[in-house]
Amino acid sequence: MDQHLSDRLLGDWTEIIQSEINKPYFQTLKQFVDRAYEQTTVYPQREDIWNAFVYTKFQDVKCVILGQDPYHGPNQAHGLSFSVQDGVRFPPSLRNIFQELRDDIGCDTPKSGNLEKWATQGVLLLNTSLTVEAGKAGSHRKQGWEQFTDSIIERLGSREKPIVFILWGNDAKKKMKWIGEQHTVLTSVHPSPLSAHRGFFGSKPFSQVNKQLKEWGESSIDWCIG
């Protein structure tokens, strides 16, 4: 895990993440993850674990969309929450996100579910856990990833320059305690088919983000993927 971290991690996240890597809990987590990759099928690929930080620098974060654990089907997850690789069928939650995107700001449903375009504009697409065993949702929870991502949210939440946090579902909402008052927090139920009709549809998160960014004097996000 460290090899891919040192090879691929860019710029201003380095100090933040290295400070966590040196803690005992992360060394235990590393042993668990390394063993899992050796003994089972794990998603995403090792080289993609850190992609959220590769594509979005700390200083460039304008918005955070917090997911749970990566997709656990073949060729889906690639280190960005809710995003799938090009050519992969949209999982139900992502399909609902694109429906709300269309209803909110009129974006056509994209051909690809790859959200790299969002990430490169300052949208940190962060999962609560960064790895998962194939076919077993939640299988790498409570191994240390939550403590690691708590530390990331805490660092972002204490940053002076404000951020819009999008917290969908109860797991994401648990991170609110790390977010300072200078930021804006948008919450709703999760976009999963199990809950989307109870308040995700019609919540208009994308237009709300851009409205807030404009009020802060920041450039808006081009959410339409094409």
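Scope of this entry: the structure provided in the associated data block. Note that the structure is a prediction, hence the values are computed from the model and not measured. (Residues numbered from 1 in each chain as written. Predicted model: local features only at pLDDT ≥ 70, side-chain atom pairs only at ≥ 80, totals over all residues. Heavy atoms only, no water.)

Turning our eyes to something else, we now look at the pairing of strand β5 (residues 164-168). Regular strands place their side chains on alternate faces of the sheet. Burial runs high along β5: five of the five residues are buried. Of the two faces of β5, the one carrying Val 164, Ile 166 and Trp 168 and the one carrying Phe 165 and Leu 167 are both buried. Two strands pair when backbone bridges link them, and strand β2 (residues 63-67) and β5 are joined in this way by four bridges, in the parallel orientation. Directly across from Leu 66, in β5, lies its bridge partner Leu 167. With five bridges connecting them, β5 and strand β6 (residues 184-188) associate as parallel partners. Within the sheet, the bridge partner assigned to Trp 168 lies in β6 and is Ser 188. (Buried < 20%, exposed > 50% of the residue type's maximum accessible area, 1.4 Å probe, protein only. Helix = DSSP H or I, 4+ residues; strand = E, 2+ residues; numbered from the N terminus. Pairing = 2+ DSSP bridges.)

By definition, a disulfide links the sulfur atoms of two cysteines through a covalent bond. For the structure shown, the criterion picks out one disulfide. Not engaged in a disulfide, the cysteine Cys 63 finds its nearest cysteine sulfur in Cys 107; these two sulfurs lie 14 Å apart. The class for Cys 63 is buried, based on a relative accessible area of 0%. (Disulfide = S-S within 2.5 Å.)

Turning to the nonpolar core, a few remarks are in order. If you look at the biggest cluster of nonpolar residues, it comprises 65 residues, and the most contacted ones within it are Trp 13, Ile 65, Trp 118, Phe 148, Leu 156 and Trp 223. The biggest single contributor to this core is helix α3 (residues 24-39), with seven residues. (Core = buried A, V, L, I, M, F, W, Y, C linked by side-chain atoms within 4.5 Å.)

So, on to the packing of helix α5 (residues 92-105) against helix α9 (residues 205-215). Packing of α5 against α9 brings their axes to within 7 Å, and their N-to-C directions diverge by 55 degrees. As far as their axial angle goes, α9 and α5 are oblique. Contacts from Ile 97, Glu 100, Leu 101, Asp 104 and Ile 105 of α5 reach α9 at Pro 205, Phe 206 and Ser 207. (Axes fitted to C-alpha atoms, helices over the stretch in contact; angles between N-to-C directions. Parallel < 35°, antiparallel > 145°, perpendicular 65-115°, else oblique. Contact = heavy atoms within 4.5 Å.)

What follows covers the layout of surface pockets. What the largest pocket holds in volume is close to 430 Å³. The wall of the largest pocket is formed by 27 residues, among which Gln 68, Asp 69, Pro 70, Tyr 71 and His 190 lie closest to the centre. Looking at the lining of the largest pocket residue by residue, the class counts come to 11 nonpolar, 14 polar and two charged. Volume-wise, the second largest pocket comes out at about 230 Å³. Taken together, Gln 68, Asp 69, Thr 128, Ser 129, Arg 141, Lys 142, Glu 146, Asp 150, Asp 171, Lys 174, Lys 175 and Lys 177 form the lining of the second largest pocket. Among the residues forming the lining of the second largest pocket, the class breakdown is no nonpolar, three polar and nine charged. (1 Å grid on protein atoms, 1.4 Å probe; cavity = no way out; pocket = protein on both sides within 12 Å on 5 of 7 lines; lining within 4 Å. Points joined across faces, edges and corners; volume = space filled by probe spheres on them. Nonpolar A, V, L, I, M, F, W, Y, C, P; charged D, E, K, R; others polar.)

Okay, the environment of Thr 187 next. Following the sequence through the fold, Thr 187 ends up in strand β6. Distance from Thr 187 to Asn 170, taken between C-alpha atoms, is 9.3 Å for residues 17 residues apart in sequence.

We now examine the sheet that holds β2. Taken in spatial order, the four strands of this open sheet run β3-β2-β5-β6, and their pairing is parallel. Of all strands in the sheet, those with a lone pairing partner are β3 (123-127) and β6, marking the two edges. Adjacent strand axes in the sheet meet at a mean angle of 20 degrees, parallel and antiparallel pairs treated alike. Each of β2, β3 and β5 touches helix α7 (residues 145-157); the most contacted strand, β3, lies at about 155 degrees to it.

Moving on: the side chain of His 140. Residue placement: His 140 occurs in the loop between β4 (132-133) and α7. On the basis of relative accessible area, His 140 is assigned to the buried category, the value being 2%. A distance of 2.7 Å separates the side chain of His 140 from the side chain of Thr 131, its partner in a polar contact. (Polar contact = N/O pair within 3.5 Å; in protein donor to acceptor, adjacent residues only side chain to side chain.)

Mapping Lys 62 onto the fold places it in the loop between α4 (51-55) and β2. Glu 218 is the oppositely charged side chain nearest to the buried, salt-bridge-free Lys 62, at an N-O distance of 4.6 Å. When sequence neighbours within four positions are dropped, the list of residues in contact with Lys 62 reads Gln 121, Gly 122, Ile 163, Val 164, Leu 213, Glu 218, Ser 219, Ser 220 and Ile 221. (Lys, Arg positive; Asp, Glu negative; His and termini not counted. Salt bridge = Lys/Arg side-chain N within 4 Å of Asp/Glu carboxyl O.)

Buried residues of α9: Pro 205, Phe 206, Val 209, Asn 210, Gln 212 and Leu 213, and no others. All buried residues of α9 fall inside an arc of 160 degrees around its axis, so they share one side. Of the exposed residues in α9, those oriented more than 90 degrees away from the buried face are Lys 211, Lys 214 and Glu 215. Where α9 is buried, its residues contact β2, α5, α6 (116-119), β5 and β6. In the stretch just after α9, Gly 217 is the one whose phi turns positive, near 80 degrees. (Arc of directions from axis to C-beta.)

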